[in-house]
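Reading the structure
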Amino acid sequence: MPKLTIDGREIEVEAGVTLIEAARRMGIKTPHFCWHPELSVAANCRMCLVEIEKNPKLQPACQIPAAEGMVVHTENPRVREARRAIMEYLLLNHPVDCPICDQSGECKLQDYYMLYDLKSSRLASEEDKVRKRKHVPFGPHVVYDAERCVMCTRCVRFCAEYVKDPMLCEVHRGDHSEIDVSPDRTLEHGYSLMTAHICPVGALTSRDFRFQCRVWFLKAAETICPGCATGCSACLDHNRGRAFRLRPRVNNAVNRCWLCDDGVLSYRFHNDHRLCSPSLGRGNPQPASWEDALSEAAAALGKTPKAERAAVLSAERTCEENWALIVFAREALGIERFFLAARPDGTADQRLRSADKNPNRAGVRLMLGAEPEPMTALLEAATAGRIRAVIALGAEASAAGVEPSTGLLRLGTVVSIAERTGTLPDAAHVRLPCGSWAQSAGTFVNAKGMAQEFGRAMPLGDGLLDVHEILARLARRLDLSFPYKTAAEVRTAVAGRLPEAGAAGGAP
Amino acid sequence: MPYVVKRPERDIWEQSYIPETVRGMGVTLRHFFRNVIGRRDTVTILYPEVQRPYPPRFRGLHRLTQRDDGSPRCTACMCCQTACPAECIHIVAGSYPDGHPLAFVEKYPAEFWIDELRCVFCGLCVEACPCDAIRMDTGLHARPVEARPHLMYERNLLLSITDAKGDVLTANPRKK
Amino acid sequence: MTTFFVVATAAKLVLFLVGIITCGALMVWVERRMSAMIQDRIGPVRANAGPFRLWGLVHIAADGLKMMIKEDFIPRRADKLLHALAPMLAIFPVLVTFAVVPFGPTIDFGHLGSVNHLGPLFEGRWATTLQVAQVDVGLLFVLAIAGTGVVGAVIAGAASDNRYSLLGSLRAASQLVSYEVTLGLSLVGCVLVFGTLRLEDMVLWQHHHTWGVVVQPLGFVLFLAAAIAESKRTPFDLPEGESEIVAGYFVEYSGMKFAAFYLGELMEIGVLACFLAVFFFGGWDVPFLRADGIHLSLPMLGAKFWAMPHWSVVLLQLGAFGLKVCGLIFLQMAIRWTLPRMRYDQLMELGWKAILPLSLANVAVTAVVLHALR
């Protein structure tokens, strides 16, 4: 266990820990471009140079392991001067096109310029700058700008080490060096947006997020990715009711610090095809007030005999929402049969992506205490006329090998509680809009059986209601009892049925 | 802590009102007669006919400057929108398609709205602009309109507004 | 009662009414332009009749037109009858007191060209005194009618169903009642000296002896102060107050009813100027001018006399009266644009503790002096 001194303070770390990591544990932020805690050390940006006493040259803190008796200075004039010089080199040929660069606002070049450089360029003329390729599409999700690139090779190492598909490489030499995709390849391996995410400058940017919003307008909120059963921790960036992107949030138990492309883009579940107000009518929905919609739903459910009612749970929605529906269906409506609506399965890989594209299938199973029947069973029952009325949660409902809408159309009554259009709301007589996953608080149980609680990332929009609130109002109209008034009461009821919460979440 | 108001001390001369009133009337009448007969000290400017010349840095309505080829200089960097304390600027960015002569600029304002009713004419947007794309050198006032939307100035209108000399290009020699 | 008497009285009445109402309107212009000149402004000069702006005189017509077109607003819970009555009551005393103002000596249409040896006031077949009504109790009539001015203000405030109006009318009432006492008392000295209540005889006394301001200087100052307070103008404009009670008792008035209050206030200045002229500045008297011509008696040159025809003497004296009234109007307006307004307690203090004792003292001293001189 080497013991060393950094900026006058002693610290003891395990053998093999680098100086940059040791400094980070002490709260000292060492500037860096190329170093990434999850990637191998390249030590090519030279930004993390620190002074080690009895060592004639400055050393890269990302590469030097801590050793017994080391005395390290991370912020003395010599180090600062070295960093200033590095910044001058890096910015020499930089186009300074921050106005059109999506990275500006979260760009390390900007931050370190303000911290260490603050000088104007000594280049005689703008014309002397080395011109390189700009806005080169690397793949469907990522675009590359060679002039902004500082050649840290984080993206190269990410593809080689994490994705194990070394398709990116450095080409040319000196001022002219840049990153390129291997011939006949495109940057398309399911994690390509992570290259844009880890790019410390504006060289690799997301084509999806490109020019959509300046990052300083964004507000970040912690959430769980709703894209698949892995349940990666993420931050949702949003502004004025619109979501813009998901960013990975460090959770060493699940996703470490990565997110797949589908995950980054799953913010769209919040933006697209939303239901904004209650509506009535099958096929040709007419907007209605909450009063009318709830009365209509209550009347339709109330007139069907108990035995012919059923409830559809949703693997897209949180445990709390499913539990509220289960309680409402069992205690208020006397429903015995529960079915499960879910998105269709997709591709899986060895890293983060699960085949099950629903974030909470395991959670629904836990809430019901049994395996819910599949959608195909509901379609059969509907065709046979054994079930006439259904109260359904969630938008998407896939049934293996069957087009679900035709079967659903045989049902006399479908009351759909959903945040966006989909199979169930499209077949419904009454649509009651609730908040998207980002607008709700709750718990997802992932494929590994880990319960992860998350808060409301964005405010519930106008005209929307929480699921438990919708059910409570329905119960009031039906003169039936529903035990929950607030989200906290549902939460308390659900807590006991969940696995140990200690495994949930992770340090950001 | 009680605060004792100091009362002014007045002698009998002042207390008797009359001499002081006469003195005061002397002041008013001096002004009166000087303005009626003799030179006029009136400071009033009869506005529409007589106009006080505006200072060269007068901040009027905004305009968006054009490049020599008529495209907007603005690159939709949103610096003005960020700097605006009245939150009256709204920009939607668009990107030039590949092969477009301006594709090297990449970005342009697909929509650019200024709510001149909300604008406080502080000029921070002009200060913030890195491209000299927004200027307030038009010398124009927000004119009275019949409906609020008429003062929601849109991109093409802003681009067509000229500076006081009738120029649609930038007036900044460093940016020419 | 001869036909000539009726015609002459009617003519004087019409002449005077038209005259003072025009005068009131003109004073709106004077007030605006004068304040502008005092404050180094231009004042309203925008309204025009084609290319003619006439120094803003057209504004009077524009204002009149506006007042007539404006909605006559009556608050929902106001007393409709009293609300309509109040402006009439406010303007009534102003118009009526004009009746007893002697604005000229007797004029004899039969002998306009000849020299008048009968003196300024005489009777004849074609003679008429330039005064609408000769009333024996002239001064008492004036005070009595002026006293009703408060009724209009109080009724306006009470009928408007508005707290500001009510407060304004209460202020007006207490102010007017307080200063009415002094208004009368400050004139008692004049009455003692002149020995009459008839206004035309007061002027005659001054014509023969000397102007009232010389024998009653304190009375003049006291009367002026009390009179300005009666007309509710700065520095005594407490019944109005934008920051406290808006426009006071006529907040709820608009259109011609508002105009009645506004014009009444301005015409009151004219009435006061007339009375000031009559009581203290010799009315129509011109120094050295007698009914038959100019009498000059200077220590060096001895007595001189130039005879003048009757018409020219009357014309000169009428002009003198007009000039005096204009000067006194100007004085009141200059005071209004010079002095800051008083606080309400200062107003009451001045009225009861300064002006009233002084006017009593003035009466006493005048009486003692007159008794000693007899």
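Residues numbered from 1 in each chain as written. Chains lettered and ligands numbered in written order. Predicted model: local features only at pLDDT ≥ 70, side-chain atom pairs only at ≥ 80, totals over all residues. Heavy atoms only, no water.

1. Looking at the overall build of chain B
Of the regular secondary structure elements, chain B holds five helices and five strands. Sequence-ordered secondary structure for chain B, helices as α and strands as β, is α-α-β-α-β-β-α-β-β-α. Relative to its length of 176 residues, chain B is extended, with a C-alpha radius of gyration of 27 Å against a globular reference of 16 Å. The principal-axis extents of the C-alpha atoms in chain B amount to approximately 95 × 55 × 40 Å. In chain B, which comprises 176 residues, the proportion classed as buried is 37%. Sequence separation of 24 or more characterises 68% of the internal contacts of chain B that already satisfy a separation of 6 or more. Here chain B has roughly 11,500 Å² of accessible surface; of this, 57% comes from carbon and sulfur atoms. On chain B, the mean spot of the 24 positive side-chain charges and the mean spot of the 21 negative ones are 7 Å from each other. (Helix = DSSP H or I, 4+ residues; strand = E, 2+ residues; numbered from the N terminus. Rg over C-alpha atoms; globule rule 2.2 N^0.38 Å. Buried < 20%, exposed > 50% of the residue type's maximum accessible area, 1.4 Å probe, protein only. Contact = heavy atoms within 4.5 Å. Areas by Shrake-Rupley, 256 points an atom, 1.4 Å probe, with all protein chains shown as cover. Lys, Arg positive; Asp, Glu negative; His and termini not counted. Charge placed at Lys NZ, Arg CZ, Asp CG, Glu CD.)

2. Side note on the pairing of strand E17 (residues 338-341) of chain A
Consecutive residues of a regular strand have side chains that alternate between opposite faces of the sheet. All names here are of chain A. Residues Phe338 and Leu340 line one face of E17 and the alternating positions Phe339 and Ala341 line the opposite face, and both faces are buried. Pairing analysis gives four bridges linking strand E16 (residues 309-314) to E17, with the strands arranged parallel. Residue pairing in the sheet places Ala311 in a bridge with Phe338 of E17. Remark: the E16/helix H9 (residues 319-332)/E17 crossover connection has right-handed handedness. (Pairing = 2+ DSSP bridges. Right-handed = clockwise from strand over helix to strand, strands pointing away.)

3. Comments concerning the environment of Pro109 of chain B
All names here are of chain B. Tracing the sequence through the fold places Pro109 in strand E3 (residues 107-115). The spatial distance from the C-alpha of Pro109 to the C-alpha of Ile91 is 6.4 Å, given a sequence separation of 18 residues. Once you skip the residues sitting within four places of it in the chain, Pro109 turns out to touch Pro72, Cys74, Ala76, Ile91, Val92 and Arg155.

4. Digging into the sheet that holds strand E15 (residues 286-287) of chain A
Residues and elements named next belong to chain A. Pairing in this open sheet of seven strands is mixed, and the strands run E15-E14-E20-E19-E18-E16-E17 from one edge to the other. Both edges of this open sheet fall to E15 and E17, since each of them pairs with a single strand only. Packing against the sheet, helix H8 (residues 290-303) makes contact with strand E14 (279-280), E16, strand E18 (389-393), strand E19 (413-418) and strand E20 (430-433), and its axis sits at approximately 130° to E20. (Axes fitted to C-alpha atoms, helices over the stretch in contact; angles between N-to-C directions.)

5. Thoughts on a nonpolar patch on the surface
All names here are of chain C. Together, Leu13, Val14, Leu17, Val18 and Ile21 line one region of the surface with nonpolar side chains, adding up to about 420 Å² of accessible area. Within the secondary structure, Leu17 is located in helix H1 (residues 3-38). For Leu17, a relative accessible area of 37% gives the class partly exposed. (Patch = residues over 30% accessible without salt bridge, like charges linked within 9 Å, V, L, I, M, F, W, Y side chains within 5 Å. Salt bridge = Lys/Arg side-chain N within 4 Å of Asp/Glu carboxyl O.)

6. Let's talk about the interface of chain C and chain B
Taken together, the contacts link 20 residues of chain C with 21 residues of chain B. The largest contributions to the chain C side of the interface with chain B come from Met37, Asp40 and Ile42 of chain C, which together make up 34% of the buried area. Our enumeration of links across chain C and chain B arrives at zero salt bridges. At the boundary of chain C and chain B, one finds six residue pairs in polar contact (both at pLDDT 80 or more). For the side of chain C that touches chain B, the secondary structure elements donating two or more residues are H1 and helix H12 (310-336) of chain C. Here the side of chain C that touches chain B is composed, by residue class, of 14 nonpolar, one polar and five charged. (Buried area = accessible area lost by both parts, 1.4 Å probe. Polar contact = N/O pair within 3.5 Å; in protein donor to acceptor, adjacent residues only side chain to side chain. Nonpolar A, V, L, I, M, F, W, Y, C, P; charged D, E, K, R; others polar.)

7. Notes on the domain arrangement of chain A
All names here are of chain A. Under the domain assignment used here, chain A contains domain 1 (3-75), domain 2 (129-271) and domain 3 (279-503). Taken together, the contact between domain 1 and domain 2 spans eleven residues of the former and 14 residues of the latter. Buried area between domain 1 and domain 2, summed over both chains or domains, comes out near 1,000 Å², and the portion from carbon and sulfur atoms is 53%. The largest contributions to the domain 1 side of the interface with domain 2 come from Phe33, Glu38 and Leu39, which together make up 54% of the buried area. The tally of links from domain 1 across to domain 2 stands at one salt bridge. (Domains from an automatic or database assignment.)

8. Overview of the nonpolar core
Leu199, Phe223, Phe275, Phe279, Phe280 and Phe321 of chain C are the most contacted members of the largest nonpolar core, which totals 73 residues. Ranked by residues supplied to this core, first place goes to helix H11 (residues 255-280) of chain C with 14 residues. Among all residues touching Phe275 of chain C, those that are not within four sequence positions of it are Thr97, Val100, Val101, Val142, Leu199, Phe223 and Phe280 of chain C. By size, the runner-up hydrophobic cluster in this structure holds 63 residues, among which are Cys107, Cys149, Phe158 and Ala438 of chain A. (Core = buried A, V, L, I, M, F, W, Y, C linked by side-chain atoms within 4.5 Å.)

9. Comments concerning the interface of chain A and chain B
With twelve residues of chain A at the interface, the matching set in chain B holds 17 residues. Contact between chain A and chain B buries roughly 1,200 Å² in total, counting both sides, with carbon and sulfur atoms accounting for 60%. The interface formed by chain A and chain B includes two salt bridges. In this structure, Arg240 of chain A and Glu87 of chain B form a salt bridge, with 3.8 Å as the shortest nitrogen-oxygen distance. Run the count over chain A and chain B and you get four residue pairs in polar contact (both at pLDDT 80 or more). The residue inventory of the side of chain A that touches chain B, partitioned by class, reads five nonpolar, one polar and six charged.

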